[in-house]
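Descriptive analysis of the structure
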Amino acid sequence: MNERPNRLQGFLRENQKSLGIFALLALIFLVTGLVEPAYWGGANLTNMLRYVGLYGIIAIGVAFVIITGGIDLSIGAVIGLSGVSFAMLLRDGWLFFADPVSVPVAFLVVLLMSSLVGLANGLLITKLRLQPFLVTLCGLFIYRGLARGVGRDKTRGFANEFEDLKQGMVKGELFGFVPMSFVVLILIGVVAAVVLNKMTFGRYLQAMGRNKEAARFSGIKNDRMEIGAYVICSLLAGFGGIMFVLDGNSAVPSKFGNFFELYAIAGAVLGGCSLRGGEGKIAGV
């Protein structure tokens, strides 16, 4: 007879941080709506959900890094580099492409490039034993400089082109009020939650975040796990850059993505990820 109450108590203890943040969010939502009723309007809620989707994607990425006890300050610069590169590939061509490329090719190039950024960060941190803060802070300046060099410091955008792509990924609405960026966030969140909570990789990440030495003595290859976390973070930052540039129609190389790393980190930490590592849930983020 006591099995159900015990399960409920266990659930409440396990998700205490996430539930607390959710309660605070609900309170802010209620108070703001009472002060300004237009806040509860359908258009405003849809607009907020669109941005929740966009920022939530990059927050999920950095959550993997924070769970290992690391940090990534280069997210905003990677978003800038990815957004500018994506726009150039579709409009002008770039790198080995003298002419504009198809949408799938542009996606592949940008996601591969952002994954290589994460791989570089991870290798510098694990193999050279450099501090994550130092590596990613330097990366912030390097990747921002690359974005300005790639874009020749000129605004890059789509004008009225690729409307189907924009509607299908960001600006379209499911059921007439749920923006596609939020739908994409939910899909990515489900996959990330499965990886983090149901797969060996996720369990190893959390174990490593709690105690790296104990994880190493248990047979966990810490370096591989940490590199994997940084690759996931940069990969989702690159994907976020694509989403943001489709939402805004253009990217200014010197400004696009500035300070987005702070929003991502704040989202992950407020969602229950401990900056000391070893703790965090995708549902909270």
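Rules behind the numbers
- Residues numbered from 1 in each chain as written.
- Predicted model: local features only at pLDDT ≥ 70, side-chain atom pairs only at ≥ 80, totals over all residues.
- Heavy atoms only, no water.
- Helix = DSSP H or I, 4+ residues; strand = E, 2+ residues; numbered from the N terminus.
- Expected span 1.5 Å × (residues − 1).
- Bend = angle between axes of the 7 residues up to and from the residue.
- Salt bridge = Lys/Arg side-chain N within 4 Å of Asp/Glu carboxyl O.
- Buried < 20%, exposed > 50% of the residue type's maximum accessible area, 1.4 Å probe, protein only.
- pLDDT = per-residue confidence, 0-100.
- Contact = heavy atoms within 4.5 Å.
- Core = buried A, V, L, I, M, F, W, Y, C linked by side-chain atoms within 4.5 Å.
- Phe/Tyr/Trp six-rings, centres within 6.5 Å; stacked < 30°, edge-to-face > 60°.
- Lys NZ or Arg CZ within 6 Å of the ring centre and 35° of its normal.

Let's shift gears to the environment of Phe-141. One can find Phe-141 in helix 6 (residues 132-150). Through-space distance from the C-alpha of Phe-141 to that of Leu-73 is 9.9 Å; in sequence the pair is 68 residues apart.

Let us now look at helix 3 (residues 42-67). Its 26 residues place the ends of helix 3 36 Å apart at the C-alpha level, agreeing with the 38 Å of an ideal helix rising 1.5 Å per residue. Of all the bends in helix 3, the largest measures some 25° and sits at Gly-56. One or two residues past the end of helix 3 sits Gly-69, with phi positive at roughly 95°.

So, on to the pattern of salt bridges. Applying the stated rule across the entire model yields 8 salt bridges. Linking Arg-156 and Asp-92 is a salt bridge whose minimum nitrogen-to-oxygen distance equals 3.4 Å. Placement of Arg-156 in strand 1 (residues 156-157) and of Asp-92 in the loop between helix 4 (75-91) and helix 5 (103-127) is noted, with a sequence separation of 64 residues between them. Between Arg-129 and Asp-223 there is a salt bridge; the shortest N-O distance is 3.6 Å. Taken together, the positions of Arg-129 in the loop between helix 5 and helix 6 and Asp-223 in helix 11 (residues 222-248) put the pair 94 residues apart, joining distant regions of the chain. According to the relative accessible area criterion, Asp-223 is buried, its value standing at 19%. Within this structure, Lys-127, Arg-129 and Asp-223 form a network of salt bridges that share partners.

This part takes up the confidence of the model for the chain. Per-chain confidence: the chain averages 88 in pLDDT, with 96% of residues scoring 70 or above. Per-element confidence in the chain is highest for helix 5, whose mean pLDDT is 95, and lowest for helix 1 (residues 3-14), whose mean pLDDT is 67.

Taking 1.5 Å as the rise per residue, helix 6 with 19 residues should run 27 Å; its terminal C-alpha atoms sit 26 Å apart, in good agreement. What helix 6 keeps buried is the set Pro-132, Val-135, Thr-136, Gly-139, Leu-140, Tyr-143, Arg-144, Ala-147 and Val-150. Structurally, helix 6 contributes buried residues whose contacts are with helix 4, helix 5, helix 11 and helix 12 (260-270). Phi turns positive, to about 55°, at Arg-152, one or two residues after helix 6.

The biggest cluster of nonpolar side chains holds 70 residues, and the ones touching the most others in it are Phe-64 and Phe-86. With 12 residues, the single largest contributor to this core is helix 11. Look past the residues within four positions of Phe-64 in its chain and what remains in contact with it is Ala-192, Val-195, Leu-196, Phe-201, Leu-205, Ala-229, Ile-232 and Ile-282.

Secondary-structure assignment places Gly-272 in the segment after helix 12. With 247 residues separating them in the primary sequence, Gly-272 and Leu-25 have C-alpha atoms 14 Å apart.

All told, the structure shown has 9 aromatic pairs when counted by the stated rule. Consider the rings of Tyr-55 and Phe-260, whose centres lie 5.3 Å apart with planes at 65°: the pair is edge-to-face. Note that Tyr-55 is positioned in helix 3 and Phe-260 in helix 12, a separation of 205 residues in sequence. According to the relative accessible area criterion, Tyr-55 is partly exposed, its value standing at 25%. The buried category is assigned to Phe-260, whose relative accessible area is 13%. Both rings, one in Phe-244 and one in Phe-260, keep their centres 4.8 Å apart while their planes meet at 50°; by these two values the pair is tilted. Taken together, the residues Phe-244 in helix 11 and Phe-260 in helix 12 connect sequence positions 16 residues apart. Here the aromatic residues Tyr-51, Tyr-55, Phe-244, Phe-260 and Tyr-263 are joined through ring pairs into a cluster of three or more. The ring of Phe-217 has Arg-216 lying over it, and the distance from NZ or CZ to the ring centre is 4.6 Å.

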